[in-house]
Amino acid sequence: MEVTRQNFKDSLSAVYSAIEEADFLAIDGEFSGISDGPNVSALTNGLDTPEERYAKLKKHSMDFLLFQFGICTFKYDQTKSKYITKPFNFYVFPKPFNRTSPDLKFICQSSSIDFLASQGFDFNKVFRHGIPYLNQDEEVQLREQTEERRNQQANGVGTPSFISPSSKGPAHVPEEHKDYINRVIAKVETLFTNSEKTLDLEPCTGFQRKLIYQTLNWKFPKGLHVETVETEKKERYIQVIRVDDEERKLREQQKRQREQEEVNDAVGFSRVIHAISKSGKLVVGHNMLLDVMHTIHQFYCPLPEDLQDFKEVTMCVFPRLLDTKLMASTQPFKEMITNTSLAELEKQVKESPFKSPQVETAEGFNSYDTAQEQLHEAGYDAYITGLCFISMANYLGSFLTPPKAYISSSSKLVEPFFNKLFLMRIIDIPYLNITGPDLQPKRDHVLFVTFPKEWKTSDLYQLFSAFGNIQVSWLDDTSAFVSLSQTDQVQIAMNTSRYAESYKIQTYAEYIKGKHQDKEKVGHTPKSWGEDGWMKPHYTSATFGYPKGLRKRCISPVQGEQGAVDAPITDGWSHYSYPDGTGSKKMKTDDKGELANAEAIESKTSEGWLKTADASDSTGSSPVPDEEGSPEGNDAEGTVTWQQAPAVHGRKGQKNKKKKRKGAESTPSLFEVPEVW
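A. Here's a closer look at helix α3 (residues 50-61). Taking 1.5 Å per residue, 12 residues should reach 16 Å; α3 reaches 16 Å between its end C-alpha atoms and fits that length. Taken together, the buried positions of α3 are occupied by P50, E52, R53, Y54, K56, L57, H60 and S61.

B. Layout of the confidence of the model for the protein chain. Summing up the model confidence of the protein chain, the mean pLDDT is 77 and the portion of residues at 70 or higher is 74%. Considering each helix and strand of the protein chain separately, the mean pLDDT is smallest for strand β20 (residues 596-603), with a value of 32, and largest for strand β9 (residues 321-323), with 98. Contacts for the low-pLDDT stretch residues 155-167, under 50 throughout, to residues beyond four places or in other chains number 32 contacts. This stretch, residues 527-677, has a pLDDT under 50; its non-local contacts, to residues over four places away or in other chains, come to 322 contacts.

C. Summary view of the nonpolar core. Residues F69, F90, F269, V272, I276, I296 and F310 are the most contacted members of the largest nonpolar core, which totals 64 residues. Residue contacts for F69: discarding those within four places in its chain leaves I27, D28, F88, N89, F90, V92, F269, I273, T295, F299 and A378. In this structure, A382, L387, L400 and V414 belong to the second largest nonpolar core, which totals 36 residues.

D. How the structure looks around the pattern of salt bridges. On inspection of all chains with the given rule, the structure shows 19 salt bridges. Its salt-bridge partner being K197, residue E247 comes within 3.4 Å of it at the nearest N-O pair. A residue pair is termed long-range when its members are at least 10 positions apart, and E247 in helix α9 (residues 245-267) and K197 in the loop between α7 (178-190) and β5 (198-200) qualify at 50 residues. We classify E247 as partly exposed; its relative accessible area is 22%. Between E230 and R236 there is a salt bridge, and its shortest N-O distance comes to 3.4 Å. Salt bridges here are not isolated pairs; linked through shared partners, they connect D48, R53 and K56.

E. Local environment of the state of the cysteines. The full count for this structure, using the stated rule, is 0 disulfides. The thiol of C316 is unpaired, and the distance to the nearest cysteine sulfur, on C301, comes to 9.1 Å. Of the residues examined, C316 reaches a relative accessible area of 32% and is grouped as partly exposed.

F. The pairing of strand β8 (residues 282-285), seen in detail. Along β8, one buried face is formed by L282 and V284 and the opposite face, lined by V283 and G285, is buried too. Here 3 bridges tie strand β2 (residues 24-31) to β8, and the two strands are oriented parallel to one another. Bridge pairing in β8 places A26 opposite V284. Judged from the 3 bridges that link them, β8 and β9 form a sheet pairing that is parallel. Residue pairing for β9: V283 is matched across the bridge by L321.

G. Focus on the packing of aromatic side chains. Evaluation of the coordinates by the stated rule reveals 39 aromatic pairs. With 5.2 Å between their ring centres and 55° between their planes, F69 and F269 make a pair best called tilted. Remark: F269 occurs in the loop between α9 and α10 (270-279) and F69 occurs in strand β3 (residues 66-77); sequence separation between them is 200 residues. Of the two residues, F69 and F269, both sit in the buried class. An aromatic cluster is present here, built from F69, F88, F90, Y133, F269, F299 and F365 joined pairwise through their rings. When the ring centre of F422 is taken as origin, the NZ or CZ atom of K325, which lies over that ring, is 5.4 Å away.

H. Seen up close, the environment of T478. Along the chain, the position of T478 falls in the loop between β15 (470-476) and β16 (479-484). As for T478 and P452, which are separated by 26 residues in sequence, their C-alpha atoms are 5.7 Å apart.

I. Main features of the packing of helix α11 (residues 289-299) against helix α12 (residues 307-317). At a minimum axis distance of 11 Å, the contact between α11 and α12 shows a crossing angle of 80°. Put simply, α11 runs roughly perpendicular to α12. Side by side, α11 and α12 meet where L289, V292, M293 and I296 of the first sit next to F310, V313, T314 and V317 of the second.

J. Molecular detail of α11. Among the 11 residues that make up α11, 10 are buried, leaving the element largely enclosed by the rest of the structure. The complete set of buried residues in α11 reads L289, L290, D291, V292, M293, H294, T295, I296, Q298 and F299.

K. Representation of the packing of helix α1 (residues 8-21) against α10. Close contact between α1 and α10 brings their axes to 10 Å; oriented N to C, the two are set at 15°. Comparing the axis directions of α1 and α10 gives the class roughly parallel. Judged by the twist between their axes, the crossing of α1 over α10 is right-handed. Within the contact between the two elements, α1 uses F8, L12, V15, Y16 and I19 and α10 uses R271, V272, A275, I276 and S279.

Rules behind the numbers
Residues numbered from 1 in each chain as written. Predicted model: local features only at pLDDT ≥ 70, side-chain atom pairs only at ≥ 80, totals over all residues. Heavy atoms only, no water. Helix = DSSP H or I, 4+ residues; strand = E, 2+ residues; numbered from the N terminus. Expected span 1.5 Å × (residues − 1). Buried < 20%, exposed > 50% of the residue type's maximum accessible area, 1.4 Å probe, protein only. pLDDT = per-residue confidence, 0-100. Contact = heavy atoms within 4.5 Å. Core = buried A, V, L, I, M, F, W, Y, C linked by side-chain atoms within 4.5 Å. Salt bridge = Lys/Arg side-chain N within 4 Å of Asp/Glu carboxyl O. Disulfide = S-S within 2.5 Å. Pairing = 2+ DSSP bridges. Phe/Tyr/Trp six-rings, centres within 6.5 Å; stacked < 30°, edge-to-face > 60°. Lys NZ or Arg CZ within 6 Å of the ring centre and 35° of its normal. Axes fitted to C-alpha atoms, helices over the stretch in contact; angles between N-to-C directions. Parallel < 35°, antiparallel > 145°, perpendicular 65-115°, else oblique. Left-handed = near helix turned anticlockwise from the far one by under 90°.

In structure tokens, the structure reads:
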């Protein structure tokens, strides 16, 4: 269903109903651009930390506009054994409500606009008929302004006036406006002598309207209703209506109702996001970090500076999220899915061993045909995102005994994927963990190098030519990460460059420590919470200082060939640790060191992921019998049921967890869904 400002109010009840009855819903957004400065490679550096990636996206992507929002709801029909879908395609544009409303500035990226135009995107619908919206602060401010204006205009029983009710004398009319006001008075007086009840005055200036209100209120305290009307061409004129006391009260009541409706209209599309948030339903997206950030930024509140604050706000708005790109990049899907882009993923999950889900479009909704590939229409992309999720979720049912063809969105089999958002191009931190601490890889083979602005990549290759193959990841014009092929080379490089003047080298650990120290110097504003449970956005930006280089100096004892990039660490293993110090993982990397093998070889801290255990093994922590009797987890015919192991917080919980795991360490995995690849 295509929804614009013209049919939004009529469609709202259908939208609310679809969200309320859905098992889950999928979303997608189309934007006016992606990055206002750095190219995609710089914006998505392969050695970003989650904090750095969030800061980059917040700084360089939030001034663009999310102007098309797709929602597709999915409800499983047990009798038909198929999903009933209701797709919506919303055109969104921040049209100012009135002269005092926020007049939003946004930017466009030519490549993004050109791409959408090539896909047949209708920009006229966005700018002419886009649905307006307000965030929470703007909505509160608008309602306060409306109430204040209503109080200012109230006089007696509510006759509009620009003077307070206590003002009894005539309005002061400047000499140059007296003739105009007298002509208006003469026209109004004719209303009491003829059969006409309505008089439309000619458009005039705001000051003239003020004089008219003041004069008519003093000269005709009863018998008239006066209000300002705005045409479609934004012209404003005064309408004077002859009324009795009862009709005047009725018209004032109608005017207040119209003002309330106008405020609701100004809140606009934000009401849909509020409904999704209130429902608590699972929200599915594909590579959805930007979608989530833009949705919160445009329709709720400005994004906080701190990543942890962003996570808390996200959990308030979307309690349950699932990213199909992350799901497809994880075991057991990673080995079967060769391309995780949305269009290719949709094709691959139609083929064996997956099965295309049985779906049916609800009556009254336009159905999508995947054969026509209406890609980059937000409603269609949301639709096929939901299909991909269903196919992958149902595939997990093949691991049960006996296998199940249908796995619901609330099944414990899909819980490991909840609230983890895919991070593009970061090799060793594949996702942003919304509900917990993020992975912290050691990166012992990485150096942070600062140097003069004139340096190029070839200068860095020359500087490290004695160390074989290296990988360079630029941060800005004067700094970059350099990944060495062997960890034991790091100290050699550090010792050789100790007295260098034109550049400076730090280990990755020193770089992170320096950033944390700079952040502590800036400090944080204490969090404050409003009465409605929403965190007030009072955040302090952290500024990080980087050392600058002076003059070039080579640290290579021997000038060797400039090696190719992407060299692996010699032992082929990357090491990962959690910030709470509860354990570590080792991960095998390929020959090029760029892509990591998805199989987690050793896991001491993999709480939250599914493991199998013999039903008679009482020491195993997972699975356990499903006491709730859900359709996915319980079966009278001896089905093994699965339950996600509870997350453990704090050292005490970790000790208990180790004791529980003792008897289950040798238990084979149902399928590998590791915390890190």
